[in-house]
Structure formats: structure tokens, C-alpha cells
Amino acid sequence: MALSGVRVLELAGLAPTPLCGMILADFGAAVVRVDRAPRSAVSTDVQGRGKRSLALDLKQPAGAATLRRLCCAADVLIEPFRRGVMEKLGLGPDVLLQENPRLIYARLTGFGQTGKYARSAGHDINYLALSGVLSKMGRKDENPYAPLNLLADFAGGGVICALGIITALYERIKSGKGQIVDASMVEGVAYLSSFLWKSQNLGLWNRPRGENMLDSGAPFYETYKTSDGKFMAVGAIEPQFYEQLIKGLGLDADELPSQLSFSDWPKMKKKFASIFAQKTQAEWCNIFDGTDACVTPVLSFDDVASHQHNKQRRSFIKNDQEEISPRPAPLLSRTPAVPSCKRDPFIGEHTEEILLEYGFTKQEIAKLYSDKVIEFSKPKPNL
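Rules and cut-offs
- Residues numbered from 1 in each chain as written.
- Predicted model: local features only at pLDDT ≥ 70, side-chain atom pairs only at ≥ 80, totals over all residues.
- Heavy atoms only, no water.
- UniProt positions renumbered as here; feature names shortened; annotations may be inferred.
- Domains from an automatic or database assignment.
- Pairing = 2+ DSSP bridges.
- Helix = DSSP H or I, 4+ residues; strand = E, 2+ residues; numbered from the N terminus.
- Contact = heavy atoms within 4.5 Å.
- Axes fitted to C-alpha atoms, helices over the stretch in contact; angles between N-to-C directions.
- Phe/Tyr/Trp six-rings, centres within 6.5 Å; stacked < 30°, edge-to-face > 60°.
- Buried < 20%, exposed > 50% of the residue type's maximum accessible area, 1.4 Å probe, protein only.
- Lys NZ or Arg CZ within 6 Å of the ring centre and 35° of its normal.
- Lys, Arg positive; Asp, Glu negative; His and termini not counted.
- Salt bridge = Lys/Arg side-chain N within 4 Å of Asp/Glu carboxyl O.
- Polar contact = N/O pair within 3.5 Å; in protein donor to acceptor, adjacent residues only side chain to side chain.

The chain appears in an unreviewed UniProt entry as Alpha-methylacyl-CoA racemase from Strigops habroptila. On record in UniProt, under Sequence similarities (unreviewed entry), the comment for the chain is "Belongs to the CoA-transferase III family." In UniProt, the chain has this text filed under Pathway (unreviewed entry): "Lipid metabolism; bile acid biosynthesis."

This is the structure:
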């Protein structure tokens, strides 16, 4: 796989950091999740695919020293703490990069390492708000709304941080040097919104929230309920696609207002809604599948893996627990990701084997265990 041979230490954290580590693991990196000890802590990593777990108490000097030693043999460290936490532990980039100049030190936080909010707590909705993107989201006459925690946490955080790590690893090939990746979720999601900034001058976002083409204002970019309580998604922006939408709905284009007549959009949405409500989702799929009307079913998690297109692409996979999840993307032709089919690791499940791989002796491991710096957790056999 593309990242085979890359050693990654991921300090356990919330949603974006586990995704970043999982992306690297899916594409071949050897990712060790450094979990908190004592093991009374509960892992919040539901994206532990392909990782191993080492339980380590970083608050003890011996625990911090253990991580320093691990970092000397690692390629990447991902840490999710607020500014100053790692420095208080004696694990800041100045220390670790001096000991391992090739280390990629990735800092994944909401507000970044500098600025007024650098030491403040926050979540996806806060980062989305500060980026300006949240102000664009919501229907007419409604408050702005956040689309789950997908944009800032996962896209602006986990994915952008993984991109930064890969970029730094590539640069290291030329320079032989590591560097710090300062991945701010505010800046990550703002970067994702570059299209919104650039397209304002094109008239795509110059109307109030909920009245623009792509924010639920247009009748041809909307979701509609079907007679069986399901939904269809419509994205017929281009005139030739809109023409096929109108045809599939059984309407006469000559009897309708212009597609871009803003004042007629509310009336047209009601008309489209009344028509979509007359047939089931399956019936609408029979009408629009194979056309360029840009009309597709809104699939539930229960249905998505069995949809014909997704089945043909093998877009979803099962692990050995029969749990379904999305296949890693993008698909590489020569060195594709080969995601692990094993269950996610228990906290501390691989502590001993990881330390042995990183050069610790059995005597050193025993001393760390007796001092309660590390913990082991062996899975119980199924009887």
C-alpha cells in the first residue's frame, strides 16, 4: 500500500483525530493509538480500523519519557490537545523535533496554535461559525444550522490534517526534515469554502440565506418527499439537465416560467413537491435512472450498501463483526487502500507488542507496568 513503512503515533482524541489516523492506516501506515491510562477511561474512537492500542499515562514523567522514546522511531505524531498541553508534558515540538528531526508533528485543533481562541474549548458548530460558513447554511427565515459535525470536524479537521501529513512526508523525501503541521478546523473548513468566496461575484451567493441556487432556494436543487415517505434529491442546475427534469415530471416547459426566475421559485417548489408526492421512491427511480436529470434517491444507511451502483463499485465493506462501513477513498489503481477487516482495538490491547517493536526490553516493559505507567488489555475469548 502507498503508506507502507510509515509509523504513526496518534494520541487518542475525539472525532477528527481518529479519522485522520484511520485514513493513514487504511492506506498502509502502521498507526498506534496512544490511549489514556488508567483504563477507567473509555475509548471514544469508533474509527479505530487498522490501528493498534497502547495504554500510556502521559501525566507521569515515565509515561512522557516513553512517548518521547517512541517518537524517536516514529514518522508522524498526531496530537489533538489545546495549545500548551503538550509543552506542559515536556512533549512539545521543540523537544521532539530536536530528538527526531525527521518527525512530522501534526497538531489537530479547533482554533489552531495561535490567536485569541487558541486555548478555548469548542466543537464543530463553533469552528463552522468562526469560519463564516455556518452563516450560509439554513433555509429561508430559519436560523443557520450545522450539517451534523461533518464539515469542520471531519472534512476541515481530519481530512485536511491527513493532507498536511502526506504533504509533509512528501517534502521530507527531498529535505530529509520533518516539520509541524498546524491543522486548525476553522481554517480547514474555511479553505473548503473557497468556492463560496470566489462564486459570490458570479451571483451564486448574493441573495439572503435560503434563497440562493444551492442553499434550498431553487426548486431544481432540493429534496422532495415521495408517496411512501421517502425522498428524492434533485440537482438539475444546467439547462439541459433541467429540461430532462421537467420531462420526467410530466410538465410542459413552455407552460412554465424561466428556470432562473427567482420570484417564481417558491411557486415552482410547491408544484414539484406535489408531483413528487404522487409516486413512490422506486417509481421515481424507474423514471429518472439512466437520464441526466440529476435526480437520485435519498438512501438511508440501511439501504445504501445494497443500492446497485454502490454494490457494483464495492463502495461499502464489512469487518469480521459484520459491521458495514464505507470503503476508503479515493481508489488508487496500483496501490489501493486495503482496510483491515478486524474489529477496532481495545484500549491497551497491543501495549507490550508495540513497545517491543519500538525497542523496549521486557524488563523495561515490566517496570513500566509495575509503576502503572502502562496497561495491558487482552480480549476475552468467546466461549
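**Student:** What is the right way to look at the domain arrangement of the chain in this model?
**Tutor:** The accessible area lost on association of the parts is a frequent measure of interface size. Annotation of the chain at the domain level lists domain 1 (7–193 + 320–375) and domain 2 (221–298). Distance from the C-alpha centre of domain 1 to the C-alpha centre of domain 2: 43 Å.

**Student:** I keep staring at the sheet that holds strand β1 (residues 7–11) and nothing clicks. Help me out?
**Tutor:** Across a sheet, paired strands are connected by hydrogen bonds in the backbone, their directions being either parallel or antiparallel. With respect to topology, seven strands assemble into an open sheet ordered β6-β5-β4-β1-β2-β3-β12, the strand pairing being mixed. The sheet is open, and its two edges are formed by β6 (179–184) and β12 (374–375), each paired on a single side. As paired strands, strand β5 (residues 104–109) and β6 are joined by six bridges and run parallel to one another. Following the sheet pairing, Arg107 is matched in β6 by Asp182. The sheet strands contacting helix α1 (residues 16–26) are β1, β2 (30–36), β3 (51–56), β4 (76–79) and β5, and the helix crosses β1 at an angle near 165 degrees. Each of β5 and β6 touches helix α7 (residues 185–192); the most contacted strand, β6, lies at about 70 degrees to it.

**Student:** How should the packing of aromatic side chains be read in this particular structure?
**Tutor:** In the structure shown here, the tally under the stated rule is eleven aromatic pairs. Considering the side-chain rings of Phe111 and Tyr117, the 5.3 Å spacing of their centres and the 65 degrees angle between planes classify their relative orientation as edge-to-face. Aromatic pair Tyr224 and Phe276: ring centres 5.1 Å apart, planes at 5 degrees, arrangement stacked. Here Tyr224, found in strand β7 (residues 221–225), pairs with Phe276, found in helix α10 (residues 265–276); they are 52 residues apart in sequence, far enough to count as distant. Since its relative accessible area comes to 0%, Phe276 is described here as buried. Put simply, the rings of Tyr224, Phe272, Phe276, Trp284 and Phe288 pair up and form one aromatic cluster. Arg207 extends its terminal NZ or CZ atom over the ring of Phe262, reaching a point 4.4 Å from the ring centre. When the ring centre of Trp284 is taken as reference, the NZ or CZ atom of Lys279 above it lies at 5.1 Å.

**Student:** What exactly am I supposed to notice about the side chain of Asp215 here?
**Tutor:** For Asp215, the position within the fold is in the loop between α8 (194–199) and β7. Buried charge without a salt bridge: Asp215, with Arg209 as the nearest opposite-charge side chain at an N-O distance of 7.1 Å. Among the polar contacts listed, one links the side chain of Asp215 to the backbone nitrogen of Glu211, at a separation of 3.5 Å. The contact partners of Asp215, leaving out residues within four places of it in the chain, are Lys136, Gly138, Trp205, Pro208, Arg209 and Gly210.

**Student:** Looking at this model, I keep getting lost on the pattern of salt bridges. Mind explaining?
**Tutor:** Two side chains that carry opposite charge are able to pair once their charged atoms sit near each other. One pass over the full model with this rule turns up 19 salt bridges. Between Glu99 and Arg68 there is a salt bridge, and its shortest N-O distance comes to 2.2 Å. One end of the pair, Glu99, is in helix α4 (residues 93–99); the other, Arg68, is in helix α2 (residues 61–72), and 31 residues separate them in sequence. Overall, the relative accessible area of 33% leaves Glu99 in the partly exposed class. Its relative accessible area of 32% is what places Arg68 among the partly exposed residues. Residues joined by salt bridges that share partners form a network here, namely Arg52, Glu353 and Glu357.

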